[in-house]
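A structural walkthrough
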Amino acid sequence: MIVSPSLLAADFNNLAGAVSMLENSKADWIHCDVMDGVFVPNISFGFPVIKALSTITDMPLDVHLMIVDPGRYVDAVRDAGAGIMNVHQEACTHLHRVVDAIKQAGMKAAVTLNPATPVSTLTDILGDLDMVLLMSVNPGFGGQKFIPRTIEKIRALRSMIDAGGYDTLIQVDGGIDTVTGALCAEAGADVLVAGSAVFKAADPAREIAALAAL
Ligand code: DX5
Ligand code: ZN
């Protein structure tokens, strides 16, 4: 399992410490949650913070944009050092154009779906995507409860990807711990995002190792 811990739950007074812990753990990527207070009710952090992170680590930065019209920021996200740019399907009128721009900019392209958005909405673009992120909570806040229906969405998406012969990864984000993460793994997920479960754990590196072993 690929593990992408979310910095949203880290101590913002010591992000360098969080990155150092991740570098010495089995984490693969670093998940960065950008919120604009419009697409989601909350505001988190933006590109200057991500750029600062990129100067202290070579780990891939997995940038999840919970903002309206994210296509405006493809160059800014690339310049901030992102390896993966995650945009919400619900926030892009011209999703195909945005995905194309992300790839042209040299990043991996990922599309995120809110809990109420069906996976079938991606039928005509799935083969162009490096990853699909299925939200297992309503985006905007850490520490929420995993929505069980997500498991059926993972299974349905897995079938679509396998039927098409694509190598698109399935990522799941929200309320992930070793219990819900195991259910996602069994249903066909490839990447788990975890905020609270990692950073509120007594031993974060141990929690990451447990997720990686799923
Ligand atoms: C929620 C964010 C998540 C969040 C996950 O809007 O997209 O990445 O950090 O936090 P937990 O793991 O605490 O649910
Ligand atoms: Zn996220």
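Structure: above.
Notes on the structure in this doc start here. (Residues numbered from 1 in each chain as written. Chains lettered and ligands numbered in written order. Predicted model: local features only at pLDDT ≥ 70, side-chain atom pairs only at ≥ 80, totals over all residues. Heavy atoms only, no water.)

Across its full length, the chain carries 8 helices and 8 strands. Against the 2.2 N^0.38 benchmark of 17 Å for 214 residues, the chain shows a C-alpha radius of gyration of 16 Å, consistent with a compact globule. With the principal axes as the frame, the chain shows a C-alpha extent of 40 × 35 × 30 Å. Per-residue burial for the chain yields a buried fraction of 51% across its 214 residues. Within the chain, residue pairs in contact and separated by at least 24 positions form 64% of the contacts whose partners lie at least 6 positions apart. (Helix = DSSP H or I, 4+ residues; strand = E, 2+ residues; numbered from the N terminus. Rg over C-alpha atoms; globule rule 2.2 N^0.38 Å. Buried < 20%, exposed > 50% of the residue type's maximum accessible area, 1.4 Å probe, protein only. Contact = heavy atoms within 4.5 Å.)

Glancing now at the pairing of strand β7 (residues 169-173). Counting buried positions over the 5 residues of β7 gives 4, a clear majority of the element. Inspection of the sheet shows strand β6 (residues 131-135) paired to β7 by 5 bridges, in the parallel sense. By the bridge assignment, Val132 is partnered in β7 with Ile170. Note that the unit made of β6, helix α5 (residues 150-164) and β7 has a crossover that is right-handed. The β-α-β motif built from β7, the intervening helix α6 (residues 178-187) and the parallel element strand β8 (residues 191-194) has right-handed crossover chirality. (Pairing = 2+ DSSP bridges. Right-handed = clockwise from strand over helix to strand, strands pointing away.)

Taken together, 20 residues sit near ligand 1, with Gly140, Asp173, Gly175, Gly195 and Ser196 positioned nearest. In the model, an oxygen atom of ligand 1 is placed 2.8 Å from a nitrogen or oxygen of the Asp33 side chain. Taking His64, its side chain carries an N or O atom lying 3.2 Å from an oxygen atom of ligand 1. Taking 380 Å² as the accessible area of ligand 1 by itself, protein coverage stands at 98%. Counting only elements with at least two residues in the shell around ligand 1, the list comes to β2 (30-35), β3 (61-66) and β8. If you tally residues by element for the shell around ligand 1, the top one is β2, at 3 residues. A breakdown of the residues in the shell around ligand 1 according to their chemical character gives 8 nonpolar, 10 polar and 2 charged. (Near = heavy atom within 4 Å. Polar contact = N/O pair within 3.5 Å; in protein donor to acceptor, adjacent residues only side chain to side chain. Areas by Shrake-Rupley, 256 points an atom, 1.4 Å probe, with all protein chains shown as cover. Nonpolar A, V, L, I, M, F, W, Y, C, P; charged D, E, K, R; others polar.)

Okay, the pairing of strand β4 (residues 84-88) next. For β4, a buried count of 5 out of 5 residues is recorded, marking the element as mostly surrounded by other parts of the structure. The two faces of β4 match: Ile84, Asn86 and His88 on one face and Met85 and Val87 on the other face are all buried. Here 4 bridges tie β3 to β4, and the two strands are oriented parallel to one another. Bridged to Leu65 within β4 is Val87. Running through helix α3 (residues 74-79), the crossover from β3 to the neighbouring parallel element β4 is right-handed. Direction of pairing for β4 relative to strand β5 (residues 108-113): parallel, over a ladder of 5 bridges. Bridge assignment links Ile84 to a residue of β5, and that residue is Lys108. Once you follow β4 into helix α4 (residues 95-104) and on to β5, the crossover reads as right-handed.

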